[in-house]
Amino acid sequence: MARLLAETPPGAGDRLAVILNGLGSTKHEELFVLWLTVAPLLRDAGYTRVKPEVGELVTSLDMSGVSLTITWLDAELEPLWTAPAETPAYRRGTTAVQSGDASGEETSDAGTADAPFEADADSRTYAVQCVAALEAARQSLHAAESRLGDLDAVAGDGDHGRGMVRGSDAAATAGAAAGTRGAGAGSVLVAAGDAWADKAGGTSGVLWGAGLRALGESLGDHRVPGAEELAAGMSAFAARITDLGKAGPGDKTMVDALLPFTEAFTRLVQEGAEPRQAWASAALDAVAAAEATAALRPLKGRARPLAEKSLGTPDPGATSLAMIFTVMGPFLAGSGQPGSSQSRITSNQTARALS
Ligand code: ADP
Ligand code: MG
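On a predicted model such as this, the values are computed, not experimentally measured, just so you know.

1. Things to note about the overall build of the protein chain
Move 1: Tallying secondary structure elements over the protein chain gives 14 helices and six strands in all.
Move 2: Every one of the 355 residues in the protein chain was classed for burial, and the buried ones make up 42%.
Move 3: When contacts within the protein chain are restricted to residue pairs at least 6 apart in sequence, those whose partners lie at least 24 apart make up 72%.
Move 4: As displayed, the protein chain offers around 17600 Å² of accessible surface, 55% of which is attributable to carbon and sulfur atoms.

Listed below in structure tokens is the structure:
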């Protein structure tokens, strides 16, 4: 307290905004005990504490201790400090006007939801396969949820399984809804990606959402993509994820499974392999690469501070990516010809997804 008050600016008044903040592992009880020391010191020094905040406002994983912040209020700052606020992490008072705005947003969302899609019939047919691929991803993530959570709990925060389930649930639902409204494959994947990023939470959700959106933008709403267009789409998926997340090979992230996949798929397609077989073979590479991340220390993401603990355990994001790519392949790289046995399977799965 003495060190902070020694920095009192010249001409400062006697009204203070005070924030006593727990950094993560300090309990609220301990914060209030400490406040019982801080508050009298300020009172005895002649200060009025204006709406002080005691709680967890700025935290970092597993960090001990507190921060204490004081701001000398003036006629301009005090109304701003006491003004109602509503954000995901901080609330003060009530913000009736802002909730009015939020309902306005819902109306405009509903407006775009009904916007007509401009897609050709081939792309709509392929969109059915994309929806089936999302549905297959969703189902395998449900089955693997607790295993992925356990992997993430070794050095991360244990939420990877839950996040991937929430993201893929939202993506499969949004993709199917867009398909029902006549969207082509590109728009189905964009809608799915946006829903995934919106609902999953966590780093992997943002990256998966952005990747699916990039794939959709690359494939577009016309024609069934040929093998090379699909390879370009998957490279766009990977590029968006590395642009956003800035992870490279060996950082122990999903990128360690993703890049071996796109490299192998692109190479095999260029060599003239049949797309479904090229995909299956590239997915096997991704599975092997994901397993090999067990030997790495994480250099990106939430697992970095506990890197040593993660040795011997494969990266959760790489594991889930290899798993999902494996099950999505038969749909994304399957033949898009109506009447083929592949299309019949996907139509059945989609009918189930839509019901
Ligand atoms: P969070 O780390 O926010 O809890 P998840 O647990 O859902 O999110 O996902 C963790 C996974 O996200 C990691 O296993 C890793 O594969 C991936 N990841 C984390 N940071 C990055 C990054 N910068 N680039 C690519 N992937 C990342
Ligand atoms: Mg996590």
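2. Examining the coordination of the magnesium ion (ligand 2)
Move 1: Here the magnesium ion (ligand 2) is held by the protein donor atoms D152 (OD), D157 (OD) and D159 (OD), which lie 2.1 to 2.3 Å from it.
Move 2: Using a relative accessible area of 11% as the deciding quantity, one classes D152 as buried.
Move 3: What makes D159 partly exposed here is its relative accessible area of 34%.

3. Examining the site of ligand 1
Move 1: Within the structure, ligand 1 sits among 20 residues, and T203, S204, G245, M254 and D315 are positioned closest to it.
Move 2: At 2.9 Å from an oxygen atom of ligand 1 is found a side-chain nitrogen or oxygen belonging to D159.
Move 3: Interatomic distance of 3.0 Å between a side-chain N/O atom of H160 and an oxygen atom of ligand 1.
Move 4: Coverage of ligand 1 by the protein amounts to 94% of the 560 Å² it exposes when considered alone.
Move 5: Elements with a minimum of two residues in the shell around ligand 1: helix 8 (202-219) and helix 13 (316-332).
Move 6: It is helix 8 that contributes the most residues to the shell around ligand 1, four residues altogether.

4. Considerations on the confidence of the model for the protein chain
Move 1: Across the protein chain, the average pLDDT comes to 89, with 88% of residues at 70 or higher.
Move 2: Note on residues 98-113: pLDDT is under 50 here. Beyond four places in sequence and across chains, it has two contacts.
Move 3: Predicted confidence is poor over residues 336-355, with pLDDT under 50, and the contacts of this stretch with residues over four places away or in other chains come to 30 contacts.

5. Regarding the packing of aromatic side chains
Move 1: Across all of its chains, the model carries nine aromatic pairs by this definition.
Move 2: An angle of 80° between the planes, with centres 5.9 Å apart, marks the rings of W208 and F325 as edge-to-face. With a gap of 117 residues between them, W208 in helix 8 and F325 in helix 13 connect regions that are remote in the sequence. The same class applies to W208 and to F325, which are both buried.
Move 3: Across the ring face of W81, the terminal group of R92 is positioned such that the distance to the ring centre comes to 4.7 Å.

6. With respect to the pattern of salt bridges
Move 1: Applying the stated rule across the entire model yields 14 salt bridges.
Move 2: Here R43 and D44 are joined by a salt bridge, their closest N and O atoms 3.5 Å apart.
Move 3: Looking at D44, the relative accessible area reads 60%, which means it is exposed.
Move 4: The shortest N-O distance in the salt bridge between R213 and D194 comes to 2.8 Å. Of the two residues, R213 is situated in helix 8 and D194 in helix 7 (residues 185-200); the sequence distance between them amounts to 19 residues.
Move 5: Owing to a relative accessible area of 28%, R213 belongs among the partly exposed residues under this scheme.
Move 6: Beyond isolated ion pairs, a larger network of salt bridges with shared partners links D194, R213, E217 and R240.

7. Digging into the nonpolar core
Move 1: Ranked by internal contacts, the top residues of the largest apolar core, which has 64 residues, are W208, F237 and W279.
Move 2: It is helix 5 (residues 121-155) that provides the largest number of residues to this core, a total of 13 residues.
Move 3: With residues near it in sequence (within four places) discarded, W208 still touches M164, W196, F237, M254, L321, I324 and F325.
Move 4: Counting residues in each nonpolar core, the second largest holds twelve residues, with L16, V18, A39 and L42 among its members.

8. Focus on unusual backbone geometry
Move 1: Even without glycine at this site, K51 takes up a positive phi of about 40°.
Move 2: If you trace the backbone, K51 turns up in the loop between strand 2 (48-49) and strand 3 (53-55).

9. Quick word on the side chain of S187
Move 1: With respect to the secondary-structure elements, S187 resides in helix 7.
Move 2: Residue classification places S187 among the buried residues on the basis of a relative accessible area of 17%.
Move 3: Filtering out sequence-adjacent residues up to four positions away, S187 remains in contact with F117 and D221.

10. Let's talk about helix 7
Move 1: Relative to the 22 Å expected for 16 residues at 1.5 Å per residue, helix 7 spans 22 Å between its end C-alpha atoms, a close match to the ideal helical length.
Move 2: The set of residues buried in helix 7 consists of A185, G186, S187, V188, L189, V190, A192, G193, A195, W196 and A200.
Move 3: On its buried face, helix 7 sits against helix 5, helix 6 (160-180), helix 8 and helix 13.
Move 4: The positive-phi residue at the C-terminal boundary of helix 7 is G201, with phi of around 75°.

11. Here we look at the environment of T8
Move 1: Mapped onto the secondary structure, T8 falls in the loop between helix 1 (2-5) and strand 1 (15-22).
Move 2: The class for T8 is partly exposed, based on a relative accessible area of 30%.
Move 3: Along the backbone, T8 and T71 are 63 residues apart, and their C-alpha atoms lie at a distance of 9.3 Å.
Move 4: If near-sequence neighbours (up to four positions away) are discounted, T8 is found in contact with Y47 and W72.
Move 5: A distance of 2.4 Å separates a polar side-chain atom of T8 from the backbone oxygen of L5.

Cut-offs and rules
- Residues numbered from 1 in each chain as written.
- Chains lettered and ligands numbered in written order.
- Predicted model: local features only at pLDDT ≥ 70, side-chain atom pairs only at ≥ 80, totals over all residues.
- Heavy atoms only, no water.
- Helix = DSSP H or I, 4+ residues; strand = E, 2+ residues; numbered from the N terminus.
- Buried < 20%, exposed > 50% of the residue type's maximum accessible area, 1.4 Å probe, protein only.
- Contact = heavy atoms within 4.5 Å.
- Areas by Shrake-Rupley, 256 points an atom, 1.4 Å probe, with all protein chains shown as cover.
- Donors = N, O, S within 2.8 Å, 3.2 Å for Na, K, Ca; no water.
- Near = heavy atom within 4 Å.
- Polar contact = N/O pair within 3.5 Å; in protein donor to acceptor, adjacent residues only side chain to side chain.
- pLDDT = per-residue confidence, 0-100.
- Phe/Tyr/Trp six-rings, centres within 6.5 Å; stacked < 30°, edge-to-face > 60°.
- Lys NZ or Arg CZ within 6 Å of the ring centre and 35° of its normal.
- Salt bridge = Lys/Arg side-chain N within 4 Å of Asp/Glu carboxyl O.
- Core = buried A, V, L, I, M, F, W, Y, C linked by side-chain atoms within 4.5 Å.
- Expected span 1.5 Å × (residues − 1).

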